[in-house]
Amino acid sequence: MKTKTTIISLLTAAILAGGLFLLVKKQIPETKEVVNIDNTAVAICPAKQPVEEKPLICTPPPVPHPAQAEVQTQKKAKAQAEFLSIVEDAAPIIAEEEVVCCEALVTTSSSYNYDQETNRNEYNQLAENKFRKVNNEPLSTFSIDVDAASYGTIRRYINEGQNPPADAVRVEELINYFSYNYEKPTGKDPINITTEVGPCPWNKENRLVRIGLKAKEIPSENLPASNLVFLVDVSGSMYGPDRLGLVKSSLKLLINNLREEDRVAIVVYAGEAGVVLPSTSGSNKQKIREALDELTAGGSTAGGAGIQLAYDIARKNYIREGNNRVILCTDGDFNVGVSSSEGLERLVEKERKSGVFLTVLGYGMGNYKDSKMQVLAEKGNGNHAYIDNIQEANKTLVHEFGSTMYAVAKDVKLQIAFNPDQVQEYRLVGYESRLLNNKDFNDDTKDAGEMGAGHTVTALYEIKPNNAPRTMQFAKPELLAIRLRYKAPYSDVSQLIENKLKANSSNKLSPDFYFASAVAMFGQLLRNSEYKGTGSYNQVISLAQSGLVNDRQGYKREFIRLVETMNGLTAATSTIIPACITLPTTYYD
């Protein structure tokens, strides 16, 4: 009987609270105070004048993964209780019938997260490169970087109406997302160097140097046979259409382009690792697709065990002078076994000596561990892309299959020697995580980045010219000298390439120079760089439009649309608009 009375009391309280909520909603359409309930905005205030009521259209949240259901139910109950408490506090305001007008500053900045507890994205902190005095540090040494994950990441943030976190913006990856029209190598070396210098668009007192690398191209039909291992994360954090669902769709695009001589195995990991499909000929596409279709997500994440097993399978089916590669598809949330960045680094450093390369494809958002994926790609003779939609999967795995999947040079390092007669200071734009000690350049045991077939790599230096009086007949004409080291894919001995850039280079600037400088400016604005100078989103758009050539796939036009969107978001951030009552909502990630 007591239980029945309690239930009736609760139902009565719920009905009264619901009626009171409708009363508040009808009489209080504008906002005086914004209160967070479980990281969800709730706003209640008296209205200056009645406003037209409009039907509320809500998109229901996705169904939570079973492992999250109990926790999310508790959050929802807590939020509802706190909300009812706030409604009760608002009742005296209604009774007094005193109407006070107010406005709330509502922004579209990404600093606001719908659910902070489920937004656990992780990015390595980056300390932006500073200007270096040539008299003190004439050499600049770094590893090349062909990764493009940062571009896909910031695109997703912007398309969702948010500012990307500064540490998610790696400027060199934004620049190298795009291909540029560099001269192809013609000699014995698989890489050619191109140079260009012009005004710095964000600081008129300085100049901008562009160093471009182009790897030799290999037609798809002439690529060596591939021994691929799909390593798929099927843990609970990969549940959802933009995670495991997108992984399946992505890999099917790759399967469509396999040849009979190519082979694919599938390894999965959750609480433990296992082989779903032994190494299978590319001619048996249906069997490979069916194995993918059977994958489901659930459980913890033993990423280290999965990586170890995938390398074991790759070594077992190793093709001499072929393309031996593990393709890891994950959100990077390793939490069982070898899971720390240091442990993963040791694991892949050991395995890269086997001649098996690594491609890391990132999926999902909210629990995305970009920091760990960077470690895997950088230390495992690999590359890293972020797949935010099927179009990006098509770009990475189909249009750029050769450059993504087949390396023509590994451990590629650059060392730039600046001429103190011509340059007072210099600053490398981006590549903060790829810096090397000067002595590492000639050390063949030091790891560096790889270049795939047809890849282009771009590095920009902002320089302060040395305008001090000098006897010009004794001044060297070179602005800088470039030294590049690389190894053939199956060699442990590096080769050297050298080039120079003259100070009086006055050739007409290429469209690629304008576009690359536009992308660099955009990255610096997103990071709110202390070196962004006079740069603006409008200037980025203007520069990029000057570089719209060789854009058959439309990636450069998409970039301009992205900048326009970001420009609009920035303007909207400071716009004052009336806020309305927002029900506490639990968002599942």
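Residues numbered from 1 in each chain as written. Predicted model: local features only at pLDDT ≥ 70, side-chain atom pairs only at ≥ 80, totals over all residues. Heavy atoms only, no water.

A. Molecular detail of the overall build of the protein. Across its full length, the protein carries 14 helices and 18 strands. Scored against the burial criterion, the 589 residues of the protein give a buried share of 51%. Partitioning the intrachain contacts of the protein with sequence separation of at least 6 by distance along the chain shows that 81% fall at a separation of at least 24. A total accessible area of about 27300 Å² is found for the protein, and carbon and sulfur atoms account for 51% of it. (Helix = DSSP H or I, 4+ residues; strand = E, 2+ residues; numbered from the N terminus. Buried < 20%, exposed > 50% of the residue type's maximum accessible area, 1.4 Å probe, protein only. Contact = heavy atoms within 4.5 Å. Areas by Shrake-Rupley, 256 points an atom, 1.4 Å probe, with all protein chains shown as cover.)

B. How the structure looks around the nonpolar core. Within the largest apolar cluster, 69 residues are counted, with the highest numbers of intra-cluster contacts made by Phe-230 and Tyr-461. Those residues within four positions of Phe-230 in sequence are excluded, and the remaining contacts are Leu-251, Leu-254, Ile-255, Val-264, Ala-265, Ile-266, Val-267 and Ile-327. Counting 40 residues, the second-largest nonpolar core is a separate cluster that includes Phe-513, Leu-526, Val-540 and Leu-569. (Core = buried A, V, L, I, M, F, W, Y, C linked by side-chain atoms within 4.5 Å.)

C. Here's a closer look at the confidence of the model for the protein. Of all residues in the protein, 73% attain a pLDDT of 70 or more, and the chain-wide mean is 80. Confidence drops under pLDDT 50 across residues 20-72; counting only partners more than four residues distant or on other chains, this segment forms 111 contacts. (pLDDT = per-residue confidence, 0-100.)

D. Examining the sheet that holds strand 16 (residues 456-465) more closely. Spatially, 3-14-16-6-5 is the arrangement adopted by the five strands of the open sheet, whose pairing is antiparallel. At either end of the open sheet lies a strand with only one pairing partner, and these are strand 3 (132-133) and strand 5 (191-199). The strands that helix 12 (residues 511-526) touches are strand 5, strand 6 (207-215), strand 14 (423-429) and strand 16; relative to strand 6, the one it contacts most, it runs at about 110 degrees. (Pairing = 2+ DSSP bridges. Axes fitted to C-alpha atoms, helices over the stretch in contact; angles between N-to-C directions.)

E. Geometry of the packing of helix 5 (residues 244-255) against helix 10 (residues 390-399). Orientation of helix 5 relative to helix 10, taken along the N-to-C sense of each, is 35 degrees, at an axis distance of 9 Å. Helix 10 is crossed by helix 5, and the crossing has right-handed handedness. Of the residues in helix 10, those in contact with Leu-246, Ser-249, Ser-250, Leu-253 and Leu-254 of helix 5 are Ile-390, Ala-393, Asn-394, Leu-397 and Val-398. (Left-handed = near helix turned anticlockwise from the far one by under 90°.)

F. Here's a closer look at the environment of Ala-149. Its place among the elements puts Ala-149 in helix 3 (residues 149-159). Sequence-wise, Ala-149 and Leu-361 are 212 residues apart; in three dimensions their C-alpha atoms are separated by 8.3 Å. Every residue in contact with Ala-149, bar those within four places of it in the chain, is listed here: Arg-170, Glu-173, His-384, Ala-385 and Tyr-386.

G. Highlighting the packing of aromatic side chains. This model, assessed by the stated rule, comprises 18 aromatic pairs. Centre to centre, the rings of Phe-131 and Tyr-531 are 5.5 Å apart; their planes meet at 80 degrees, and the pair counts as edge-to-face. Of the two residues, Phe-131 is situated in the loop between helix 2 (66-96) and strand 3 and Tyr-531 in the loop between helix 12 and helix 13 (537-546); the sequence distance between them amounts to 400 residues. The pair formed by Phe-131 and Tyr-531 is uniform in burial state, with each residue classed as buried. Taken together, a centroid distance of 6.3 Å and an interplanar angle of 85 degrees make the contact between Phe-513 and Tyr-514 edge-to-face. Note on Tyr-514: relative accessible area 29%, which makes it partly exposed. Aromatic ring contacts, followed pair by pair, group Tyr-151, Tyr-177, Phe-178, Phe-515, Phe-522, Tyr-537, Tyr-555 and Phe-559 into a single cluster. (Phe/Tyr/Trp six-rings, centres within 6.5 Å; stacked < 30°, edge-to-face > 60°.)

H. Expanded view of the sheet that holds strand 11 (residues 357-362). Spatial strand order, 9-8-7-10-11-12: six strands in an open sheet with mixed pairing. Strand pairing shows two members of the sheet lacking a second neighbour, strand 9 (273-281) and strand 12 (382-386), which therefore form its edges. This sheet shows a mean twist of 15 degrees between the axes of neighbouring strands, independent of strand direction. Note that strand 7 (residues 226-233) and strand 8 (residues 263-269) share seven bridges and pair parallel. Among the inter-strand pairings, Asn-227 is bridged to a residue of strand 8, identified as Arg-263.

I. Molecular detail of the layout of surface pockets. Put simply, the second largest pocket is a space of about 1200 Å³. Around the second largest pocket, the lining comprises 43 residues; the ones closest to its centre are Ser-179, His-399, Glu-400, Ser-403 and Gly-454. If one sorts the elements of the lining of the second largest pocket by residue count, helix 10 sits on top with five residues. Grouping the constituent residues of the lining of the second largest pocket by class yields 14 nonpolar, 17 polar and twelve charged. (1 Å grid on protein atoms, 1.4 Å probe; cavity = no way out; pocket = protein on both sides within 12 Å on 5 of 7 lines; lining within 4 Å. Points joined across faces, edges and corners; volume = space filled by probe spheres on them. Nonpolar A, V, L, I, M, F, W, Y, C, P; charged D, E, K, R; others polar.)

J. Molecular detail of helix 10. Buried within helix 10 are the following residues: Glu-392, Ala-393, Lys-395, Thr-396 and Leu-397. Seen along its axis, helix 10 keeps its buried residues to an arc of 160 degrees; they face one direction. Between the side-chain oxygen at the start of helix 10 and the backbone nitrogen of Gln-391 there is a gap of 3.1 Å, and the oxygen is on Asn-389. (Arc of directions from axis to C-beta. Polar contact = N/O pair within 3.5 Å; in protein donor to acceptor, adjacent residues only side chain to side chain.)

K. Here's a closer look at the side chain of Asn-367. Relative to the assigned elements, Asn-367 resides in the loop between strand 11 and helix 9 (370-379). For Asn-367, a relative accessible area of 8% corresponds to the buried category. Side-chain polar atoms of Asn-367 contact the side chain of Lys-369, separated by 3.4 Å.

L. Structural detail: the pairing of strand 13 (residues 407-418). The buried count for strand 13 comes to eleven of twelve residues, which makes it a mostly enclosed element. With five bridges joining them, strand 4 (residues 139-143) and strand 13 adopt antiparallel strand pairing. Looking across to strand 13, one finds that Leu-139 is bridged to Ala-417. Where strand 13 meets strand 15 (residues 449-452), three bridges bridge the pair, whose relative direction is antiparallel. The residue bridging Ala-409 from the neighbouring strand is Met-451, located in strand 15. With seven bridges joining them, strand 13 and strand 17 (residues 478-487) adopt antiparallel strand pairing. Pairing of Gln-415 across the sheet is with Arg-483, part of strand 17.

M. Expanded view of the pattern of salt bridges. Under the definition given, this model contains 33 salt bridges. For Glu-425, the salt bridge is made with Lys-133, and the minimal N-O distance between the two is 3.0 Å. Within this pair, whereas Glu-425 is found in strand 14, its partner Lys-133 is found in strand 3, the two being separated by 292 residues in sequence. Given a relative accessible area of 45%, Lys-133 falls into the partly exposed group. We note a salt bridge from Arg-325 to Glu-450, for which the minimum N-O separation is 3.4 Å. Of this pair, Arg-325 sits in strand 10 (residues 323-330) while Glu-450 is found in strand 15, placing the two residues 125 residues apart along the sequence. For Glu-450, a relative accessible area of 3% corresponds to the buried category. (Salt bridge = Lys/Arg side-chain N within 4 Å of Asp/Glu carboxyl O.)

N. View of helix 7 (residues 303-316). The end-to-end C-alpha distance of helix 7, which contains 14 residues, comes to 20 Å, matching closely the 20 Å that a straight helix rising 1.5 Å per residue would cover. When we look at burial in helix 7, the residues that qualify are Gly-303, Gly-304, Gly-306, Ile-307, Ala-310, Tyr-311, Ile-313 and Ala-314. (Expected span 1.5 Å × (residues − 1).)

O. Region of interest: the packing of helix 12 against helix 13. At a closest axis distance of 7 Å, the pairing of helix 12 and helix 13 adopts a crossing angle of 160 degrees. Judged by the angle between their axes, helix 12 and helix 13 are roughly antiparallel. For the pair helix 12 and helix 13, the sense of crossing is left-handed. Residues Pro-511, Tyr-514, Phe-515, Ser-517, Ala-518, Met-521, Phe-522, Leu-525 and Leu-526 of helix 12 form the contact with helix 13, whose participating residues are Tyr-537, Gln-539, Val-540, Leu-543, Ala-544 and Ser-546. Split by residue class, the contact of helix 12 with helix 13 holds twelve nonpolar, three polar and no charged. (Parallel < 35°, antiparallel > 145°, perpendicular 65-115°, else oblique.)

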